[in-house]
Amino acid sequence: FMQWFKRKTQDSPQLTDEAAYVLGPGLTIPESIVFDPRCRTFAYAQMALHGWCVVTNGEQGPPYTEILSHTPIVSSGGRVAYGARKGTQWFAIIDGQAGLPYDGLGANSFSFGSLGQRFSHTANDGGKWKLIIDHAPVLAVENTTAGTFAFSPDEKHWAIQARDGGRAACFVDGKPVGDYDSPSAVPPVFSPNEIGRAHV
């Protein structure tokens, strides 16, 4: 029987958002095993000979120092994404390609749109939390709330709960909507009849 647990990374003491898998008695992390809806693509995190890696359809990826918890994820079309640390820098790896280096990655922030074409995650960069969509930063704020990002059904719009300038709001396509005492932990929902309108 294989066990696993998570811990906060010890190499980024100034950040508390990311967490990484830690090896239990087995080599594979059972909690990390994911499939696409048609069960054609599968991926999981495991300890390899020279470090941590993600295995996709039986093919082992490159070694990293740590793999971000709650990753890998698989889109409806079989695309695979995960977070990984090499040295002191964190990277989002999508379809086998690493993006830009960041100081930290948002735990439980990796997501594909329902069509599987667009991808998002949050990252800490220079003291700001940024929302990254398709490898490009689209929002920089004081902090974001984990698990509150949403694409619209057509993947043309997005929304996330965040705080910036002392204001907690739902940011829709980069614009703050509402004014709350604290950010909601509930993800926004896009109306199917009004694709660009998010409701909290």
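Before reading on, note that the structure itself is shown above.
If you're wondering where the values come from, they're calculated on a predicted model, not measured in any experiment.

(A) Local environment of the sheet that holds strand β4 (residues 42–48). The strand order β3-β4-β5-β6 describes an open sheet built from 4 strands, whose pairing is antiparallel. Each end of this open sheet is capped by a strand with a single partner; those strands are β3 (34–35) and β6 (59–60). For strand β5 (residues 51–56) and β6, the ladder comprises 2 bridges, and the chain directions are antiparallel. When the sheet's bridge partners are listed, V55 is paired in β6 with Q60.

(B) Structural view of the nonpolar core. Judged by nonpolar contacts, the single largest core of 14 residues is most densely connected at I73, A81, L105, F110 and F119. Mapped onto this core, the elements with two or more residues apiece are β10 (89–94) and β14 (119–125). No other element matches β10, which puts 3 residues into this core. Ignoring anything within four residues of it in the chain, the contact list for A81 reads T71, P72, I73, I93, I94, F110, F112 and F119.

(C) Looking closely at the packing of aromatic side chains. Scanning the model with the defined rule gives 7 aromatic pairs in all. Judged by centre distance (6.4 Å) and plane angle (10°), the ring pair of F42 and Y44 falls under stacked. With centroids separated by 6.5 Å and ring planes inclined at 20°, the aromatic side chains of F149 and W158 adopt a geometry described as stacked. Its relative accessible area of 7% is what places W158 among the buried residues. Linked through ring pairs, F35, F42 and Y44 together constitute an aromatic cluster. Above the plane of the ring of Y64 lies K86, whose end atom (NZ or CZ) is 5.2 Å from the centre.

(D) Representation of unusual backbone geometry within the structure. The linkage connecting T71 with the following residue, P72, adopts the cis geometry, with an omega of 10°. Relative to the helices and strands, P72 is located in the loop between β7 (66–67) and β8 (73–74). For D134, which is not a glycine, the phi torsion comes out positive at approximately 50°. When you line up the elements, D134 lands in the loop between β15 (128–133) and β16 (136–141). A residue is classified by how much of its surface remains accessible, and D134, at 35% relative accessible area, is partly exposed.

(E) Representation of the side chain of T144 within the structure. Within the fold, T144 resides in strand β17 (residues 143–144). Those residues in contact with T144, other than ones at most four positions away along the chain, are T122, W129, I160, Q161 and A162.

(F) Summary view of the pattern of salt bridges. Applying the stated criterion to the full structure yields 5 salt bridges. E66 is paired through a salt bridge with R85; the nearest N and O atoms lie 2.7 Å apart. Of this pair, E66 sits in strand β7 while R85 sits in strand β9 (residues 80–86); the two residues are 19 residues apart in sequence, bridging distant segments of the chain. Residue E66 is classed as buried on the basis of its relative accessible area, which comes to 3%. By relative accessible area, which is 4% here, R85 ends up buried. Two residues, R79 and D95, come together in a salt bridge whose shortest N-O distance is 2.9 Å. Within this pair, whereas R79 is found in the loop between β8 and β9, its partner D95 is found in the loop between β10 and β11 (97–98), the two being separated by 16 residues in sequence.

Definitions and limits used
- Residues numbered from 1 in each chain as written.
- Predicted model: local features only at pLDDT ≥ 70, side-chain atom pairs only at ≥ 80, totals over all residues.
- Heavy atoms only, no water.
- Pairing = 2+ DSSP bridges.
- Helix = DSSP H or I, 4+ residues; strand = E, 2+ residues; numbered from the N terminus.
- Core = buried A, V, L, I, M, F, W, Y, C linked by side-chain atoms within 4.5 Å.
- Buried < 20%, exposed > 50% of the residue type's maximum accessible area, 1.4 Å probe, protein only.
- Contact = heavy atoms within 4.5 Å.
- Phe/Tyr/Trp six-rings, centres within 6.5 Å; stacked < 30°, edge-to-face > 60°.
- Lys NZ or Arg CZ within 6 Å of the ring centre and 35° of its normal.
- Salt bridge = Lys/Arg side-chain N within 4 Å of Asp/Glu carboxyl O.

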